[in-house]
Amino acid sequence: MFTVLLATAVVGLDAAAFLFGFIPESFIAGGWRDDALRSWLSPLASVFLARDFVSAIFNLIFLLITGRFVEKAVRPVGLGAIFVAGAYGGALARLILTWSSGVPSAGLDPAVFAVIGAYFMLYGVPRAFPIAQGHGRWAQIGILAGVWLAIQIAFSIAAQSFELSVTIVEPIGGLLAGMALARPLLAWTYRKA
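As the structure is a prediction and not an experimental result, all values here were calculated from the model.

Participant: Before we go on, may I ask you to explain the overall build of the protein chain in this structure?
Facilitator: When helices and strands are counted, the protein chain shows eight helices and zero strands. Sequence-ordered secondary structure for the protein chain, helices as α and strands as β, is α-α-α-α-α-α-α-α. If one aligns the C-alpha atoms of the protein chain with their principal axes, the spans along those axes are about 45 × 40 × 30 Å. Counting the 193 residues in the protein chain, one finds 45% classified as buried. In the protein chain, the proportion of contacts linking residues at least 24 apart, taken out of those at least 6 apart, comes to 72%. If you sum the accessible surface of the protein chain, you get close to 9900 Å²; carbon and sulfur atoms cover 73% of it.

Have a look at this one:
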């Protein structure tokens, strides 16, 4: 991953994104076979490419807030598994829903959404969020994900970088991966208790 960060600094974000970012069109066209190492590692490398400064700061803040609680519940290895699953869950969602997209993935969004999804599955939605109270857990998570996606869309439009598969599809794939892994990882962590 150090290589990804170094390449970003040397050649710039756009060039690094095309070198290391996950591109569904390229993967479908045979990248998974012709350049297997790059293709299979690109979803993970993508999360280390910041799209812009503002989204990187927001993602790091949410990762710090929710990550420490998720880590407390599923231990560091579990948090790492959720982070990686979010990156690959986002790539899988793009591959299924927007397979013809030629835009490379960049940003922590799918991994952060996975950690947030795991947090909501483990702890529920905090009472500090008044908009989702009075609904079941799945509905609460859906409502909050919708609000967060609306914020992301606003930032993407303002930055003139809106792309459906990266701005919406990829984070939802990460969210679903985190939600799916949270409880099994919790059970596995405390299997001998």
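Participant: Can you walk me through the packing of helix H6 (residues 109–123) against helix H8 (residues 164–189) in this structure?
Facilitator: Packed helices, taken two at a time, are described by the angle between their axes plus the distance between the axes. Look at H6 against H8: their axes get within 6 Å of each other, and the N-to-C directions meet at 40°. Classified by the interaxial angle, the pair formed by H6 and H8 is oblique. The handedness of the crossing between H6 and H8 is right-handed. Residues Asp 109, Pro 110, Phe 113, Ala 114, Gly 117, Ala 118, Met 121 and Leu 122 of H6 form the contact with H8, whose own contacting residues are Glu 170, Pro 171, Gly 174, Leu 175, Gly 178, Met 179, Ala 182, Arg 183 and Leu 186. Residue composition of the contact of H6 with H8, by class: eleven nonpolar, three polar and three charged.

Participant: Can you help me understand H6 in this one?
Facilitator: Every α-helix carries 3.6 residues per turn, so stepping three or four residues along brings you back to the same face. The end-to-end C-alpha distance of H6 is 21 Å, a good match for the 21 Å that 15 residues give at a rise of 1.5 Å each. With respect to burial, H6 is a largely interior element, 14 of its 15 residues being buried. Gly 124 occupies a position one or two residues after H6 and carries a positive phi of about 85°.

Participant: It is not clear to me how the pattern of salt bridges should be interpreted in this structure. Could you clarify?
Facilitator: Pairing between side chains of opposite charge can happen when their charged atoms approach one another. Inspection of every chain in the model, using the stated rule, returns two salt bridges. A salt bridge links Arg 38 to Asp 35; its shortest N-O distance comes to 4.0 Å. For Asp 35, a relative accessible area of 39% corresponds to the partly exposed category.

Participant: Hey, could you run me through unusual backbone geometry in this one?
Facilitator: Most peptide bonds are trans, and most residues other than glycine sit at a negative phi. For Arg 75, which is not a glycine, the phi torsion comes out positive at approximately 70°. Take Arg 75: it is sitting in helix H5 (residues 53–97).

Participant: Hey, could you run me through H8 in this one?
Facilitator: End to end, H8 covers 36 Å across 26 residues, agreeing with the expected 38 Å (1.5 Å per residue, within 8%). Along its length, H8 shows its largest kink, about 30°, at Ala 182, and proline Pro 184 lies within four residues downstream of that point.

Participant: Help me understand the nonpolar core in this model?
Facilitator: Note on soluble globular proteins: their nonpolar side chains tend to be buried together. With 32 residues, the main nonpolar core has Val 47, Val 70, Val 74, Ile 82 and Phe 120 as its most contacted residues. Those elements that place two or more of their residues in this core are H5, H6, helix H7 (137–158) and H8. Counting residues per element, this core draws most heavily on H6, at eleven residues. With residues near it in sequence (within four places) discarded, Val 47 still touches Phe 83, Ala 87, Gly 107, Leu 108, Pro 110 and Ala 111.

Participant: Got a minute to help me understand a nonpolar patch on the surface in this structure?
Facilitator: A contiguous nonpolar patch, built from Phe 53, Val 54, Ile 57, Phe 58, Ile 61, Ile 65, Val 147, Ile 151 and Phe 155 and spanning about 770 Å² of accessible area, is present on the exposed surface. Those elements that provide at least two residues to the nonpolar patch are H5 and H7. The dominant element in the nonpolar patch, judged by the number of residues it contributes, is H5, at six residues. Topologically, Val 147 is positioned in helix H7. Judged by its relative accessible area of 36%, Val 147 falls in the partly exposed class.

Participant: Whenever I open this one, the packing of helix H4 (residues 36–46) against H5 confuses me. Can you help?
Facilitator: One can describe the packing of H4 onto H5 by two numbers: an axis separation of 8 Å at closest approach and a directional angle of 115°. It follows from the interaxial angle that H4 and H5 lie roughly perpendicular. Judged by the sense of rotation from one axis to the other, the crossing of H4 with H5 is right-handed. Here Trp 40, Leu 41, Pro 43 and Leu 44 of H4 lie close against H5, whose contacting residues are Val 84, Ala 87, Tyr 88 and Ala 91. A per-class count over the contact of H4 with H5 returns eight nonpolar, no polar and no charged.

Participant: Sorry if this is basic, but what is going on with the environment of Ile 57 here?
Facilitator: Position of Ile 57 relative to the elements: it lies in helix H5. Between the alpha carbons of Ile 57 and Trp 40 there is a distance of 27 Å; along the sequence they are 17 residues apart.

Procedures and definitions
Residues numbered from 1 in each chain as written. Predicted model: local features only at pLDDT ≥ 70, side-chain atom pairs only at ≥ 80, totals over all residues. Heavy atoms only, no water. Helix = DSSP H or I, 4+ residues; strand = E, 2+ residues; numbered from the N terminus. Buried < 20%, exposed > 50% of the residue type's maximum accessible area, 1.4 Å probe, protein only. Contact = heavy atoms within 4.5 Å. Areas by Shrake-Rupley, 256 points an atom, 1.4 Å probe, with all protein chains shown as cover. Axes fitted to C-alpha atoms, helices over the stretch in contact; angles between N-to-C directions. Parallel < 35°, antiparallel > 145°, perpendicular 65-115°, else oblique. Left-handed = near helix turned anticlockwise from the far one by under 90°. Nonpolar A, V, L, I, M, F, W, Y, C, P; charged D, E, K, R; others polar. Expected span 1.5 Å × (residues − 1). Salt bridge = Lys/Arg side-chain N within 4 Å of Asp/Glu carboxyl O. Bend = angle between axes of the 7 residues up to and from the residue. Core = buried A, V, L, I, M, F, W, Y, C linked by side-chain atoms within 4.5 Å. Patch = residues over 30% accessible without salt bridge, like charges linked within 9 Å, V, L, I, M, F, W, Y side chains within 5 Å.

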